[in-house]
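Structural description and commentary
Each chain, letter by letter, is given below.
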Amino acid sequence: MIDIEVPPHYVGREQAFVKHHFLRNYLERLVHKIASAYDEVVYVDGYSGPWKSGGEAYTDTSFGIALQSMTDARQSWLDMPQHRRNVRMTAHLVEKQTQPFAELETIGTLFPQVTVHPHRGDFLNVAPTIAARIPSRAFTFSLIDPKGFKLDLEELRPLLARPQSEVVFNFMFDFANRFTTLESLGDTYDRLLPGIDWRPRIASADAAGPTERKAAFLACFKEAVKSVGGYKYVADVDIRYPGTNRTFYFLVYGTREPPGIAVFRDCQIKALEAQSMISGQRSLQKRETAGQGSLFDSSWETAPVSHRQFLDEQRAAARISLMDIASAEAGIQWGKVWPRLLADHAIRKKDAGSMAAALRKSGEIAFSGWEPNKRVPSDGYELRSA
Ligand SMILES: C[S@@+](CC[C@H](N)C(=O)[O-])C[C@H]1O[C@@H](n2cnc3c(N)ncnc32)[C@H](O)[C@@H]1O
């Protein structure tokens with residue numbers, strides 16, 4: 001079990017801590033990796049804030065976390081004894097409101113290793129201009145974290161569809177889920193989910209129950225992101241209201257690269273551990289404040305399910321997918337299989353490898369070319385059903 005301390009300025013908005021914990025872990029690994037292959041890394045923060053920030057030097061904001069990761073990655077490549085690289089780091093931060101924008105304008109001095117461009121305006125209008133300013137050989141990571149769900153994905157196409165790019169959306173599920181039947185908001189959902197037949201899909205899932213509805217709505221958003229951005233893999237992290245099982249929002253991630261999805265899943269699992277730990281702390285606090293009698297109170301019905309149970313279920317589902325792929329697509333290379341398993345299920349790359357090895361051992365799948373002493377498959381091995 002990990003032990004993470006939630007800084008006091010996140011109290012009451014622990015879901016932001018989980019988001020930032022994820023982002024920090026992900027960017028620390030991503031930016032360093034990307035900088036080994038690209039001469040410029042560009043970070044775009046569409047709805048940047050600062051928003052409810054209480055940390056020093058913006059350590060509790062998305063852009064503060066990103067700019068620090070870029071600073072560290074740049075320095076570490078500059079310090080590399082034999083493979084020194086001078087990687088250009090650029091950030092475009094967009095904010096609509098006057099006061100937070102005024103703060104953004106001073107950020108550059110805190111992070112002198114990064115060229116920071118603050119933009120004042122509506123992100124949907126500014127995004128195409130930013131996309132046009134990014135050099136074609138740069139790698140772009142965009143964070144799109146609005147307070148609501150009034151997003152027009154088509155407006156974001158020039159940014160999302162850039163070949164060397166990745167995105168993380170904050171899909172404000174709990175808000176978005178409340179108004180799908182409101183006729184007056186129909187256009188808003190059409191813009192959020194362009195080209196997706198969301199009305200019948202959500203309506204029929206609704207009849208099956210709230211879990212099915214949630215899955216259907218999330219699937220519609222992920223498909224929209226995948227098609228507008230042309231991403232190969234789209235995955236999500238479920239961020240809950242602190243101390244409950246109720247989804248607040250999903251972080252939805254799009255990438256074209258297998259290593260991206262591998263890093264994403266590692267970071268998701270760390271974020272789930274943080275979320276589970278916060279839930280545990282919250283439950284304990286509630287119990288201490290309310291006394292023993294409240295254990296029988298109905299509020300305990302929302303006690304969090306352990307992330308371990310969720311991860312066990314994900315592994316079980318991935319195992320079935322793997323066997324299905326083995327029988328339907330015999331001869332497919334492992335290097336094409338594991339990224340798909342990771343895109344569809346919250347498992348790590350090493351989980352996929354050991355799962356494949358165990359299924360091979362038990363005779364449920366087979367690989368051609370398996371070398372002696374190999375513990376997990378290599379990317380070139382061909383998968384078959386046994
Ligand atoms: C949820 S907060 C962002 C939090 C930030 N990503 C973080 O994690 O630290 C959303 C921010 O977007 C700003 N905003 C709202 N509408 C906007 C728009 N249309 N374009 C750009 N910024 C907007 C708000 O003023 C607010 O500061």
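Residues numbered from 1 in each chain as written. Predicted model: local features only at pLDDT ≥ 70, side-chain atom pairs only at ≥ 80, totals over all residues. Heavy atoms only, no water.

Below, the discussion takes up the site of the ligand. Within the structure, the ligand sits among 17 residues, and His20, Ser62, Glu95, Phe123 and Asp145 are positioned closest to it. In this structure, His20 approaches the ligand through a side-chain N or O atom, which is 2.8 Å from an oxygen atom. With respect to the ligand, the backbone of Gly121 contributes an N or O atom lying 3.4 Å from a nitrogen atom. In isolation the ligand offers 610 Å² of accessible surface; the protein chains occlude 91% of this area. (Near = heavy atom within 4 Å. Polar contact = N/O pair within 3.5 Å; in protein donor to acceptor, adjacent residues only side chain to side chain. Areas by Shrake-Rupley, 256 points an atom, 1.4 Å probe, with all protein chains shown as cover.)

This part takes up the packing of aromatic side chains. Following the criterion strictly, the structure yields 26 aromatic pairs and no others. Taking the centre distance of 5.3 Å and the plane angle of 25° together, the rings of Phe149 and Tyr189 count as stacked. In this pair, Phe149 is assigned in the loop between β4 (139-144) and α5 (157-160) and Tyr189 in helix α7 (residues 186-192), connecting sequence segments 40 residues apart. A relative accessible area of 9% means that Phe149 is categorised as buried. Pairing Tyr241 with Phe248 gives two aromatic rings, centres 4.3 Å apart and planes at 10°, and the pair type is stacked. (Phe/Tyr/Trp six-rings, centres within 6.5 Å; stacked < 30°, edge-to-face > 60°. Helix = DSSP H or I, 4+ residues; strand = E, 2+ residues; numbered from the N terminus. Buried < 20%, exposed > 50% of the residue type's maximum accessible area, 1.4 Å probe, protein only.)

Looking now at the domain arrangement of the protein chain. The figure often quoted for interface size is the accessible area lost as the parts come together. If you check the domain split of the protein chain, you get domain 1 (8-284) and domain 2 (306-368). The distance between the C-alpha centroids of domain 1 and domain 2 comes to 27 Å. Of the residues lining the interface, 14 residues belong to domain 1; the matching set on domain 2 comes to 14 residues. Surface buried jointly by domain 1 and domain 2 totals about 1,200 Å² across both partners, of which 68% is contributed by carbon and sulfur atoms. Applying the counting rule to domain 1 against domain 2 returns one salt bridge. The salt bridge partner of Arg348 is Asp266, with a shortest N-O separation of 3.6 Å. Put simply, domain 1 and domain 2 have four residue pairs in polar contact (both at pLDDT 80 or more) between them. Where the side of domain 1 that touches domain 2 is concerned, the elements lending two or more residues are β6 (233-240) and α10 (258-290). Sort the elements by how many residues they give to the side of domain 1 that touches domain 2 and α10 lands first, with 11 residues. For the side of domain 1 that touches domain 2, a count of residues per class yields nine nonpolar, two polar and three charged. (Domains from an automatic or database assignment. Contact = heavy atoms within 4.5 Å. Buried area = accessible area lost by both parts, 1.4 Å probe. Salt bridge = Lys/Arg side-chain N within 4 Å of Asp/Glu carboxyl O. Nonpolar A, V, L, I, M, F, W, Y, C, P; charged D, E, K, R; others polar.)

Attention now goes to the pattern of salt bridges. The tally for this structure, following the rule as stated, stands at 21 salt bridges. Of the charged contacts in the structure, one is a salt bridge between Lys214 and Asp238, with a shortest N-O distance of 3.6 Å. With a gap of 24 residues between them, Lys214 in helix α9 (residues 210-229) and Asp238 in strand β6 connect regions that are remote in the sequence. Residue Lys214 is classed as partly exposed on the basis of its relative accessible area of 23%. Between Glu329 and Arg340 there is a salt bridge, and its shortest N-O distance comes to 2.8 Å. Linking Glu329 in the loop between α11 (307-328) and α12 (334-344) with Arg340 in helix α12, this pair joins segments that are 11 residues apart in sequence. One salt-bridge network, in which partners are shared between bridges, spans Arg29, Asp266 and Arg348.

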